[in-house]
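Each chain, letter by letter, is given below.
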Amino acid sequence: MPHRTIRARRLALAPAGVLSLALVATACGGSGGGTSAAPKDFTYLSVTENTTTRTALTTLSTSACKAENDALPLKVETIPQAQLDQKLQLLAGQDALPGMFAAGNAPALTKQLAKGGKVADIELELERLGVLDQLEPAAVSTIKALYGGKLMALPYEYNIEGIFYNKKLFQGNGIAVPGTWDELLAAADKLNAKGIQPFSASGAQGWPLTRLISGYLYRSLGPDALDKVDAGTARLTDPEYVKAAEEVAALGKKGYFGKGVGSIDYDTAMNQFLTGKSGMFYMGSWALANIADPKQNKIGTENVGFMPFPAVKGGKGSIDQYPSNIGLAVTLGSKTFDDKTGAWVGCIAENFGSTALKDHGTITGFKVNTPVKDSSEVAGTVRKTISGSKQNVLWFEALFSTKATTLSNTSAPGLVNGSVSPQKFMETVQAALGSQ
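Residues numbered from 1 in each chain as written. Predicted model: local features only at pLDDT ≥ 70, side-chain atom pairs only at ≥ 80, totals over all residues. Heavy atoms only, no water.

Tell me what's going on with unusual backbone geometry, and back it up with residues and numbers.
For Asp95, which is not glycine, the phi dihedral falls at a positive 55°. Within the secondary structure, Asp95 sits in the loop between helix 3 (84-93) and strand 3 (100-102). The exposure class assigned to Asp95 is partly exposed, which follows from its relative accessible area of 42%. (Helix = DSSP H or I, 4+ residues; strand = E, 2+ residues; numbered from the N terminus. Buried < 20%, exposed > 50% of the residue type's maximum accessible area, 1.4 Å probe, protein only.)

Explain the nonpolar core to me, and be specific about the residues and the numbers.
Grouped together as the largest cluster of nonpolar side chains are 122 residues, with contacts concentrated most on Phe164, Leu236 and Met280. At 8 residues, helix 14 (residues 339-360) tops the list of elements feeding residues into this core. (Core = buried A, V, L, I, M, F, W, Y, C linked by side-chain atoms within 4.5 Å.)

Could you give an account of the sheet that holds strand 9 (residues 330-332), with specific residues and numbers?
Reading across the sheet, the 4 strands line up as 2-1-3-9 and stay open at both edges, with mixed pairing between neighbours. Every interior strand has two partners, whereas the edge strands, strand 2 (74-79) and strand 9, have only one. Each adjacent strand pair in this sheet contributes to an overall mean axis angle of 20°, direction not counted. Across 3 bridges, the pairing between strand 3 and strand 9 is antiparallel. In the strand pairing of strand 9, Phe101 is matched with Thr331. (Pairing = 2+ DSSP bridges. Axes fitted to C-alpha atoms, helices over the stretch in contact; angles between N-to-C directions.)

Kindly report on the pairing of strand 6 (residues 278-284), identifying the contributing residues and their values.
With respect to burial, strand 6 is a largely interior element, 7 of its 7 residues being buried. By the bridge criterion, 5 bridges tie strand 4 (residues 159-166) to strand 6 in an arrangement that is antiparallel. Looking at strand 6, one finds that Tyr165 is bridged to Met280. With 3 bridges joining them, strand 5 (residues 197-200) and strand 6 adopt parallel strand pairing. When the sheet's bridge partners are listed, Phe199 is paired in strand 6 with Met280.

Any chance you could break down the packing of helix 16 (residues 402-417) against helix 17 (residues 422-434) for me, citing the residues and the numbers?
Relative to each other, helix 16 and helix 17 sit at 170°, their axes nearing to 8 Å. Taken as axis vectors, helix 16 and helix 17 run roughly antiparallel relative to one another. Note on element contacts: helix 17 touches helix 16 through Pro422, Phe425, Thr428, Val429, Ala432 and Leu433, opposite Lys403, Ala404, Leu407, Ser408, Ser411, Ala412 and Leu415. Among the residues forming the contact of helix 16 with helix 17, the class breakdown is 9 nonpolar, 3 polar and 1 charged. (Parallel < 35°, antiparallel > 145°, perpendicular 65-115°, else oblique. Contact = heavy atoms within 4.5 Å. Nonpolar A, V, L, I, M, F, W, Y, C, P; charged D, E, K, R; others polar.)

I'd like a rundown of the packing of aromatic side chains, residues and numbers included.
The description of an aromatic ring pair uses the distance of the two centres, along with the angle that the planes make with each other. Tallied over the entire structure, the rule returns 16 aromatic pairs. An angle of 25° between the planes, with centres 5.1 Å apart, marks the rings of Phe42 and Trp344 as stacked. Note that Phe42 is positioned in strand 1 (residues 42-47) and Trp344 in helix 14, a separation of 302 residues in sequence. Trp344 carries the same exposure label as Phe42, and that label is buried. Where Phe352 meets Phe366, the ring centres are 5.9 Å apart and the plane angle is 65°; that geometry is what we call edge-to-face. Taken together, the positions of Phe352 in helix 14 and Phe366 in the loop between helix 14 and helix 15 (377-388) put the pair 14 residues apart, joining distant regions of the chain. The class of Phe352 is buried, set by a relative accessible area of 1%. (Phe/Tyr/Trp six-rings, centres within 6.5 Å; stacked < 30°, edge-to-face > 60°.)

This is how it looks when you write it as structure tokens:
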């Protein structure tokens, strides 16, 4: 759709002598643009591992957002995700955060930056630009759940999580789509007996394993299981929480993740599934981009199915409660948010959803204003699931501190290879939570 005219922005004036004047827009006119000079480019600091967002933005810079790019050229910089938090803290200390940046590996860092006036008031800016309605309500809800009720990020990705499975392997071995945890274990047993690795997972990243823990917690204890931990009314060391870690550890003990899972990185795990070496792969819907790529997907898109994390017998959760996230969040710096930056953000809000879906087969939290045909049946399944999802939950580390997140991810391989007991794993993470 055509890019709508962005309304004029008014300068906010504060009484003389008020210390917050430095945060009020001057020539920049933004939500905390400060007294820094107007930016010469629209800089986006991305993580090296995420190619889709920066590629789609580059496409927009030469198409729907060409006028905005001519006025303020897009400049993409990258950094490995493992180094992101340190980089952001360094830039924040120098008051040199870019116009747009990957927002850290845990929400806690972004909240800290926002408290220090380093992050733009995104909801206010989108309202002023007249494009707040271009964000899907479910995505807004997920972001606010992560960031204490505030819209502190843009939904360049909007993902639900579940289990992708190999239809051909399931059908060839007489396996029905599991609806319960016991049925999932039975399916894994059958695949394993036929010499097929039941699950692919990246132990090097850790979080693909801890997602299984939270999946079990949500199904057994209900959608507020980790909210209670965050509120301090429950602890990860409580027996019913340790039980989830025990169930995931048991998968590793049976060899269901294959050999050397602790050293397997994300790309290798993805490759295992897409080349037919494993039957199941717990992952977010961002994997649709890989599934749609014939160079990566050797089993064919028609052989990939998607199912929710199964129910736990007697559990309080429901299989229609999908973990959701916005990928590695992207936020906006306050110091460089001027009218030209605003024009870019407005154009992104109206066009990114269609571009990402059309060119990459990825689902975002922006509305799709140009009709786009789903890249595959499984992509259509995921889109319908998202639109029909009535209640979403977060992932294991979503409400953890940066320290607890790191310890959770680095300890996960030990949980499944037997070097760290389920009790010890939960104690380690809980101790880090207690120190936040």
